[in-house]
Structure formats: C-alpha cells, structure tokens
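Analysis of the macromolecular model
The primary structure of each chain is shown beneath.
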Amino acid sequence: MIPGHGNSYAQAAPHFCLTANTMAHQRDNRVLPGIFAIAILLRLAAAVYFGDSTDPAIDEFSYSALAARVADGHGFSFDEDWYPFTPAGTLTAHWSFLYTGFVAAIYAIAGYHPLVVRLVQSILGGILLPWLAYHLTKRLFPARHSVAVIAAACTAIYAYFILYAALLMTETFFIAALLWSLERAMALAGSGDGQAAWRWETAATLGVSLGLAALLRQSILPWVALLFVWLLAKAFTGRESSNQLHLRVRRGGMVVATGLIILLFILPFTVRNYLAYGELMLLNSNAGYAMYSAQHPLHGTDFQAFTAAPLPQELLGQGLNEAQWDRALMARGIDFVLADPIRYFRLSASRLLDYFEFWPTETTLLHNAGRLLSFTLFLPAFVAGIWTAARQNRRQSRDRVGLWRRPAGLVFLFMLFYTVLHIFTWAMPRYRLPVDAVAMPFAALALQEAGQWVRRSRTKGWRLMGYQVNEPNPAPKDGHG
C-alpha cells in the first residue's frame with residue numbers, strides 16, 4: 001500500500017465492487033436472452049417431434065385423458081376404469097390437481113390438442129428452468145458471476161430437461177418450483193451474499209413455491225418437514241444477534257408463516273377429498289399404491305420399475321373409495337417391509353441402478369440418446385463440482401455441523417434426502433431429475449474451474465516458449481455458499 005493513500009483505497013473499494021457487479025449484471029442481461037432462446041427452440045423441436053397424440057405407456061396419457069374430462073365439465077374423473085383403482089365416472093385424486101388444471105385450461109381454450117400443451121410448456125420450461133438455475137447458482141456462489149451463466153446454459157441444453165418439457169407430465173413445473181423454493185430458503189436464512197435475510201416477504205414467497213411444488217408432486221412434503229428443521233436451526237442458532245430473544249421469535253414466526261401458506265395451498269383439496277370420499281386425505285391417493293407396488297414380493301430382490309403390482313384380490317370386492325384404497329395399500333406396503341426386512345433392503349439396493357442409470361438400456365433410441373446427452377455426459381462435472389464445493393465450504397466451516405448450516409449444505413441435504421427417499425420407495429431415472437437440476441450449479445462450478453485450468457496451462461505454455469502473456473485476474477476463491 002502506498003503511504004498516505006490507505007483511506008482513499010478503502011473508500012474506493014466499494015465503488016470498484018459496485019462497478020464489477022454492475023458490469024456482470026449487464027453481461028448477464030446480454031447473454032441470458034440467448035440462452036433462453038436456445039432452450040426454447042430445443043424444447044419446441046422436441047414438442048413438434050412428439051406431436052398431437054400422447055403415449056399410452058407413460059403418465060402423460062392419463063393426464064391428457066383426465067384434463068379432457070375436466071375441460072368438458074365432468075370433473076376429475078375418467079370415462080372408463082382407470083389405473084390403478086379408479087372406477088369409471090368416479091372422482092379421482094390420484095393425479096396432480098394443479099397440473100391437470102393447467103392442461104385442462106389449454107384444452108378448454110384450444111380444444112383437445114396435446115401439441116398445444118407441449119408448445120406452451122416448452123416455452124415456459126425453456127425460460128423458467130435456466131432462469132431459476134441462474135438465480136440458485138448466484139445464491140450458492142455470489143462471488144463467481146460466470147458460474148451462474150454457465151449453470152443456466154447447462155440447464156438449457158440438458159437433454160432430459162428438453163425431453164420432459166415436451167411431455168405432458170409434472171417434471172418441468174415441479175423442478176421449477178423446487179429450484180425457486182431452495183433459492184427462497186437461502187434468501188430467507190441468509191446466503192452469505194450480503195443481502196438482508198429473514199424478511200416476511202421472503203417467507204411468503206418460500207411458502208408459495210413450496211405450496212406449488214406440493215400441488216405438483218406431494219412427494220416433496222417429507223423434504224419440506226426436513227427443510228423446516230433446517231430453517232428453525234438457522235433461526236434460533238444464528239450468530240447475528242442470536243442472544244436477542246425477540247429476533248429468534250421473529251424468525252421462528254416467519255418459518256411458521258411459511259408453513260401456513262403451504263397449508264393454504266393444500267387445504268382446499270383436502271376439503272374436496274373429504275367431500276368426495278367422506279375420508280380425510282391430505283392431497284393425492286398415489287402414495288399408498290406406490291409403496292405397495294414397489295415393495296411387492298413379485299419384485300423379489302430385483303426392482304422392476306415398470307412392473308405394476310396387481311391389486312389385492314380380497315380388497316377388490318369391498319367397494320373401497322380412493323382414500324380407503326390409499327390407506328389399505330400403504331398398510332400392505334409397510335407389511336411387506338416388516339415381513340422380510342432383509343429382502344426389502346436388498347430390493348432397495350437394486351433400486352440404486354434404476355435411480356442412477358446412465359448407460360444405454362432396452363428403451364427407445366430417443367430415451368437412450370436423452371440419457372447419454374444428459375446424466376451420462378454431465379456426471380463427471382456433477383461429481384467434480386460437488387467435491388470442489390464441499391471441500392471449499394468445509395474449509396470455511398469450523399466443524400462438520402457448520403458445513404450443513406451453509407447454503408451449499410442445504411443443497412447437499414436435499415440431494416441426499418431426496419435420493420434416499422426414492423431408493424427406499426420407488427426409483428426411476430425421471431425421479432432423479434430434480435436432483436440433477438439442483439446439482440447443475442456444481443456442474444457449472446466444475447466447468448468454470450476446468451476452463452480456468454486450461455487457460456492457466458495455456459498461458460504457462462506460451463511463457464515457456466518465451467512469449468509474454470498478460471493473464472487476466474483470476475476469479476476469487478471465496479464467496480461460496
């Protein structure tokens with residue numbers, strides 16, 4: 001430091017930081033529209049390829065048929081007996097109410113044209129997923145602006161995201177709600193980027209994002225319970241003014257408010273289910289059958305993801321409604337586990353292959369290509385990025401518990417919990433897609449680190465050859481969430 005100029009440098013530092021941030025935002029505003037355009041075009045191409053009909057072998061066939069009935073004024077019902085236990089003409093709660101309503105609204109406007117749904121969903125997915133991946137990455141790595149742009153670009157071209165954006169299934173919107181909720185949770189608890197934490201409006205948007213996620217796929221609810229434990233731990237053990245009781249109570253109140261907003265999203269459908277069945281059922285009637293079918297002895301110790309277990313013969317003639325079916329099948333699924341725990345653990349171990357499948361299989365050429373151009377291609381970057389972020393966060397944490405309290409720790413916790421949840425219930429590659437999306441910031445981190453290594457190696461090579469090279473300032477190593 002030059003004598004006598006310390007104060008001027010200290011005063012100028014915030015200005016330099018502000019200028020750098022402004023330049024980064026301006027650059028992002030120029031690059032992101034191009035990323036969105038590429039994402040939309042790729043998804044639109046997939047939508048046109050799938051066309052104006054639905055595949056009877058996957059869930060989009062059921063969503064399309066149910067939405068057509070809703071659009072025609074018949075309510076949430078089918079005109080014939082439907083998988084797994086819905087009689088013709090009776091109200092069903094097996095499928096996502098929110099997503100069915102989305103498809104039904106488009107059918108009501110444009111007529112029965114699945115292609116129109118595909119096109120609308122492709123446009124929305126092409127914007128939402130890269131945009132939310134960008135903002136989640138900024139929360140995780142606030143000092144590395146380019147990583148967020150790389151994450152958005154990777155999300156735009158990830159083949160499985162392109163494929164499922166063109167299918168009439170909940171994946172795209174569920175992943176979007178999930179990314180938004182994780183970004184909001186970090187914003188609420190403080191992401192280390194200097195922005196104000198523990199604000200009521202942030203708690204409200206977190207509640208909205210989780211409420212939407214629950215209406216799209218109720219399997220998020222166990223994670224919501226664990227997320228609340230994480231938030232409450234942050235609320236009551238934060239170092240900032242942690243000795244002030246009123247601040248702790250205020251933060252705890254925000255977590256409670258988030259939970260109440262989620263309940264406001266779910267409650268209307270709980271009331272609807274009670275009026276329809278005379279039984280209390282929170283949301284959908286699919287958890288019981290999933291537990292029953294996935295643990296059924298017909299699998300032995302080798303899980304068959306596309307094998308649906310037959311309904312118990314002794315229950316078929318009892319006239320059960322969906323709420324009663326859900327409870328009865330959940331009880332039988334648990335009985336399968338308790339009757340032979342060793343078989344259950346071996347069966348669950350076999351689901352690891354179904355969940356992390358990255359090699360070609362006997363599925364269609366399109367799905368094999370999608371798998372190879374997404375998870376298989378990105379797997380090294382996922383692993384390298386997670387290891388790099390964990391190592392850097394571990395150095396900044398005083399102990400192992402401190403790592404899990406950091407924003408990156410929240411993401412690690414979600415990936416671990418959601419993976420274990422499906423391994424011990426029902427696992428398929430598409431159930432892993434939310435974890436892929438959440439891991440994309442770490443893949444972007446690995447790609448940026450690799451790019452910097454290549455530049456450093458190239459610069460070193462030129463210098464060894466006698467050339468003078470002006471190397472740009474390296475990206476800061478700190479600032480990780």
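Note that the structure is predicted; figures quoted are calculated from it, not measured.

**Considering the pattern of salt bridges**
Taken as a whole and assessed by the stated rule, the structure comprises 11 salt bridges. For Arg184, the salt bridge is made with Glu183, and the minimal N-O distance between the two is 2.8 Å. The same class applies to Arg184 as to Glu183, namely buried. Glu314 is paired through a salt bridge with Arg332; the nearest N and O atoms lie 3.0 Å apart. With a gap of 18 residues between them, Glu314 in helix α12 (residues 313–316) and Arg332 in helix α13 (residues 322–339) connect regions that are remote in the sequence. Under the relative-accessibility criterion, Arg332 is labelled partly exposed at 25%.

**Some remarks on the packing of aromatic side chains**
Counting across every chain of the model gives 34 aromatic pairs. Ring centres 5.4 Å apart and planes at 70° place the aromatic pair Tyr63 and Trp95 in the edge-to-face group. Residue Tyr63 is found in helix α2 (residues 59–71), and its partner Trp95 is found in the loop between α2 and α3 (97–110); the two are separated by 32 residues along the sequence. Assigned by exposure class, Tyr63 and Trp95 land together as buried. Judged by centre distance (6.2 Å) and plane angle (55°), the rings of Tyr99 and Phe173 are tilted. You can see Tyr99 sitting in helix α3 and its partner Phe173 sitting in helix α7 (residues 171–189), a full 74 residues away along the chain. Given the relative accessible area of 1%, Tyr99 is considered buried. One aromatic cluster in this structure is built from Tyr63, Trp95, Tyr99, Phe102 and Phe173. Stacked on the ring of Phe174, the Lys or Arg Arg217 has its end atom at 4.7 Å from the ring centre.

**Here we look at helix α11 (residues 287–294)**
With respect to burial, α11 is a largely interior element, 6 of its 8 residues being buried. Along α11, the positions that sit buried rather than exposed are Gly288, Tyr289, Met291, Tyr292, Ser293 and Ala294. Lining the buried residues of α11 we find α13 and α14 (341–355).

**Notes on the side chain of His299**
Note on placement: His299 falls in the loop between α11 and α12. The class of His299 is buried, set by a relative accessible area of 5%. If we skip the residues at most four places from it in the chain, His299 touches Ser293, Ala294, Gln304, Thr307 and Leu347.

**Describing the environment of Gly190**
On the secondary structure map, Gly190 appears in the loop between α7 and α8 (200–216). For the pair Gly190 and Pro407, spaced 217 residues apart in the sequence, the C-alpha separation amounts to 8.0 Å. Beyond its immediate sequence surroundings of up to four residues, Gly190 is in contact with Ala197, Lys234 and Pro407.

Cut-offs used in this document
Residues numbered from 1 in each chain as written. Predicted model: local features only at pLDDT ≥ 70, side-chain atom pairs only at ≥ 80, totals over all residues. Heavy atoms only, no water. Salt bridge = Lys/Arg side-chain N within 4 Å of Asp/Glu carboxyl O. Buried < 20%, exposed > 50% of the residue type's maximum accessible area, 1.4 Å probe, protein only. Helix = DSSP H or I, 4+ residues; strand = E, 2+ residues; numbered from the N terminus. Phe/Tyr/Trp six-rings, centres within 6.5 Å; stacked < 30°, edge-to-face > 60°. Lys NZ or Arg CZ within 6 Å of the ring centre and 35° of its normal. Contact = heavy atoms within 4.5 Å.

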